[in-house]
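What the coordinates show
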Amino acid sequence: MMRYNPITQSVQDLQQQVPIVSDKILVDLVNGIQVNDDLIRFRQNRGFIGRLFDGITGSDRDRQILIDSNLNVGMKSLHQWVLALADNLRISNVALEITQTKLLETRNALRNHRQEIDILKQITEHLQIQLNDHEQRIHNLEQRVYRIETIQKIDAIIAAWKSGRTYQGFHWAVQIAFVIREIVDFALFDYERMTGDRQLSPQIIDQLITASNQIPDNCFSLVTLLNLAHQETASDRLELAQALLEVRSLSPARLAEIPYLFTLGTTLELAALPEEARPKDPAKIAFELCRRDYDLIFPATDKNEFIERIVQETAGDRLMFRNSLGR
């Protein structure tokens, strides 16, 4: 077990309080103080005879000289300690000045970097605004190109119909239903779904009205029109027309939204029945069925109204159909 040494403890205490002082200076100072302390205590404890004897032999003077010598050594050590403290203080002041200078330089550098960062941030924000503007312009340009492509598809479908290249052998009312379905399925539906633009439908209606110059503009009976639809459709096309406009498999929810298409399809189905089961007036029967179940159809119509209703019903029905397929 290590023995407790008061001198070592004193040195360690001083080193902890003043760590910049060297070990030799502290040892000399503490030793000198402790030796002098021991000599003084010894002199105080000597009796009269002892002091008289010391005076005769000169031991007291020797001890006084030793005390003075130790005191001198301690003072020198203290002086060196003070000098070391002063030197270390000077070095510390210089270090503090250098540190302060470096801190100022660092602060200035940080301020400059912050200004550069602010400038870069402003540039980035400006570039982001320009990028957003360019993206919007590109998006608008894409929509314009897509709109032009869609209009070209619609014009091509209508032009093919007007020239008689498509839907020959069908009555005008059946042709209108087929043309509109083709337009919706191959051009209009995807365009409206992707762009949200609903402005092409009125243009399509106007084009179809203009192209249907063989139909009178005045009001006429819807039943008469539908009877003509099956009577003036070629016999080899009647079954195809009935199959394409078949409504028996549709749900009541879909039928409620397409009364004109329902009436047209039902008329063709009744007209396609065998002669012994075919009613004399298929259109009237279909009209009465629609009025009984849905009550959303009128007995008289005109070219504009009929085309507009067929366009709206076809577009809505194809949307419902595609949604039911998850497309």
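Cut-off values and rules
Residues numbered from 1 in each chain as written. Predicted model: local features only at pLDDT ≥ 70, side-chain atom pairs only at ≥ 80, totals over all residues. Heavy atoms only, no water. Helix = DSSP H or I, 4+ residues; strand = E, 2+ residues; numbered from the N terminus. Buried < 20%, exposed > 50% of the residue type's maximum accessible area, 1.4 Å probe, protein only. Areas by Shrake-Rupley, 256 points an atom, 1.4 Å probe, with all protein chains shown as cover. Core = buried A, V, L, I, M, F, W, Y, C linked by side-chain atoms within 4.5 Å. Phe/Tyr/Trp six-rings, centres within 6.5 Å; stacked < 30°, edge-to-face > 60°. Axes fitted to C-alpha atoms, helices over the stretch in contact; angles between N-to-C directions. Parallel < 35°, antiparallel > 145°, perpendicular 65-115°, else oblique. Left-handed = near helix turned anticlockwise from the far one by under 90°. Contact = heavy atoms within 4.5 Å. Nonpolar A, V, L, I, M, F, W, Y, C, P; charged D, E, K, R; others polar. Salt bridge = Lys/Arg side-chain N within 4 Å of Asp/Glu carboxyl O. Patch = residues over 30% accessible without salt bridge, like charges linked within 9 Å, V, L, I, M, F, W, Y side chains within 5 Å.

1. Looking at the overall build of the chain
Secondary structure assignment for the chain yields 12 helices and 2 strands. Burial statistics for the chain: of 327 residues in total, 32% are counted as buried. Accessible surface computed for the chain: about 21,200 Å², of which carbon and sulfur atoms make up 56%.

2. What to know about the nonpolar core
By size, the foremost hydrophobic cluster in this structure holds 55 residues, and its most contacted members are Trp161, Trp172, Val174 and Leu208. Counting only elements with at least two residues in this core, the list comes to α4 (59–162), α5 (172–195), α6 (200–211), α7 (222–231), α8 (235–244), α10 (259–271), α11 (282–293) and α12 (303–324). For this core, the leading source of residues is α5, giving 14 residues.

3. A few points about the packing of aromatic side chains
This structure, assessed with the given rule, holds 6 aromatic pairs. Ring centres of Phe170 and Phe178 lie 5.2 Å apart, and the angle between their planes is 85 degrees; this geometry places the pair in the edge-to-face category. In this pair, the class of Phe170 matches that of Phe178, namely buried. These aromatic residues form a ring-pair network of at least three members: Tyr167, Phe170 and Phe178.

4. Things to note about the packing of α6 against α12
Relative orientation of the contacting elements α6 and α12 amounts to 135 degrees, with a least axis distance of 10 Å. With respect to α12, the axis of α6 lies oblique. Crossing of α6 over α12 shows right-handed handedness. Between α6 and α12, the residues in contact are Ile205, Leu208 and Ile209 and Lys303, Asn304, Ile307, Glu308 and Val311, respectively. Of the residues belonging to the contact of α6 with α12, the class tally is 5 nonpolar, 1 polar and 2 charged.

5. Brief notes about the pattern of salt bridges
If you walk through the whole model with that rule in mind, you get 10 salt bridges. A salt bridge links Arg248 to Glu246; its shortest N-O distance comes to 4.0 Å. The exposure class assigned to Glu246 is partly exposed, which follows from its relative accessible area of 23%. A single salt-bridge network, built from bridges that share partners, covers Glu246, Arg248 and Glu269.

6. Considering the environment of Leu225
Summarising the element assignment, Leu225 is placed in helix α7. Placed 76 residues apart in sequence, Leu225 and Thr301 show a C-alpha to C-alpha distance of 9.2 Å. In this structure Leu225 touches His171, Trp172, Ala173, Phe220 and Phe306, once residues within four positions along its chain are discounted.

7. With respect to the environment of Gly265
Checked against the element boundaries, Gly265 lands in helix α10. Judged by its relative accessible area of 0%, Gly265 is buried. Separated by 20 residues in the primary sequence, Gly265 and Leu245 place their C-alpha atoms 5.0 Å from one another. Setting aside anything within four residues of it in sequence, one finds Gly265 in contact with Leu245 and Val247.

8. A word on a nonpolar patch on the surface
Together, Ile119, Leu120, Ile123 and Leu127 line one region of the surface with nonpolar side chains, adding up to about 370 Å² of accessible area. In this fold, Leu127 is placed in helix α4. Among the residues examined, Leu127 registers a relative accessible area of 47% and is labelled partly exposed.

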